[in-house]
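Results of the structural survey
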Amino acid sequence: DQQVKQNSPSLSVQEGRISILNCDYTNSMFDYFLWYKKYPAEGPTFLISISSIKDKNEDGRFTVFLNKSAKHLSLHIVPSQPGDSAVYFCATGGATNKLIFGTGTLLAVQP
Amino acid sequence: NAGVTQTPKFQVLKTGQSMTLQCAQDMNHEYMSWYRQDPGMGLRLIHYSVGAGITDQGEVPNGYNVSRSTTEDFPLRLLSAAPSQTSVYFCASSYSPGQPQHFGDGTRLSIL
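This write-up is about the structure you can find in this document. Please read these numbers as outputs of a predicted model, since none were measured by experiment.

Calculation notes
- Residues numbered from 1 in each chain as written.
- Chains lettered and ligands numbered in written order.
- Predicted model: local features only at pLDDT ≥ 70, side-chain atom pairs only at ≥ 80, totals over all residues.
- Heavy atoms only, no water.
- Helix = DSSP H or I, 4+ residues; strand = E, 2+ residues; numbered from the N terminus.
- Buried < 20%, exposed > 50% of the residue type's maximum accessible area, 1.4 Å probe, protein only.
- Pairing = 2+ DSSP bridges.
- Contact = heavy atoms within 4.5 Å.
- Buried area = accessible area lost by both parts, 1.4 Å probe.
- Salt bridge = Lys/Arg side-chain N within 4 Å of Asp/Glu carboxyl O.
- Polar contact = N/O pair within 3.5 Å; in protein donor to acceptor, adjacent residues only side chain to side chain.
- Nonpolar A, V, L, I, M, F, W, Y, C, P; charged D, E, K, R; others polar.

1. Digging into unusual backbone geometry
Residue A:V78 is joined to A:P79 through a cis peptide bond whose omega torsion reads -15°. Within the secondary structure layout, A:P79 lies in the loop between β8 (72–77) and β9 (86–92). Looking along the chain, the bond that leaves B:T7 and enters B:P8 is cis, with omega of -5°. If you trace the backbone, B:P8 turns up in the loop between β1 (4–7) and β2 (10–13). One non-glycine residue with positive phi stands out, namely A:K71, at about 50°. Examined against the element boundaries, A:K71 turns out to sit in the loop between β7 (62–67) and β8. You can call A:K71 partly exposed: its relative accessible area is 26%. Even without being glycine, B:N28 reaches a positive phi, approximately 60°. Following the sequence through the fold, B:N28 ends up in the loop between β3 (19–25) and β4 (31–38).

Structure representation (structure tokens):
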């Protein structure tokens, strides 16, 4: 049973436009969410996080939105750049740091 | 600034062989963990450690063994390799629980 779901395996966006990656979770007790970015043959790298006391967190071109009632979070990348092309994983973990990952979304930013 | 170092990067084993995947970090992080990534499955937690001498099981621990004798090292042992353990293995560390984890570049393991 998948506790963290990324229903879009892939997404293609034009350079300069907005990329929106989505993630749904099942357990309302989850209180900390992260996005990781992964290039081929490399490990995931931390991108941005949000705790359940917030509904939005921004870091430059990256913004994460959290909708607790819908158990949904999204990552917005504006403007998208070709170097953003990678697999994006959402993950949740609490104080124990035992991360639960989604299955990932492959983002392709077309020049 | 090495971060998290995993060795080897690639390995092919025969069914029944044993092997140790190495993981070392130079950031003085207390928390370390091992994940495996399979197609369509995301990353799944195998074992983790909150400090030297303390380890615990994650979501998929069967067939794997760990120990943590130093803060820096967290090896993962396959006792008797099976084809189902063909995967990419990632080691990660963080200063403490609740902090984002830093990942190594992975070990790609194939078991024939």
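There is more to say after this.
2. Some remarks on the sheet that holds strand β3 (residues 19–25) of chain A
All names here are of chain A. Spatially, β1-β3-β8-β7-β6 is the arrangement adopted by the five strands of the open sheet, whose pairing is antiparallel. Strands at the two margins of the open sheet, each flanked by one partner only, are β1 (4–5) and β6 (56–59). Bridge analysis of β3 against β8 gives six bridges, and the strand direction is antiparallel. Paired with I20 across the bridge in β8 is H76.

3. Focus: the interface of chain B and chain A
Across the boundary between the two partners, chain B contributes 21 residues, which contact 19 residues of chain A. Summed over both partners, the interface of chain B with chain A buries about 1500 Å², with 57% contributed by carbon and sulfur atoms. Taken as a group, B:L43, B:P100 and B:F103 account for 29% of the area that chain B buries against chain A, more than any other trio of residues on that side. At the surface where chain B touches chain A, the tally comes to zero salt bridges. Seen at the junction of chain B and chain A, the total is two residue pairs in polar contact (both at pLDDT 80 or more). For the side of chain B that touches chain A, the elements supplying multiple residues, two or more each, are β4, β5 (42–51) and β9 (87–94) of chain B. The element contributing the most residues to the side of chain B that touches chain A is β5(B), with four residues. Taken together, the residues of the side of chain B that touches chain A break down into ten nonpolar, ten polar and one charged.

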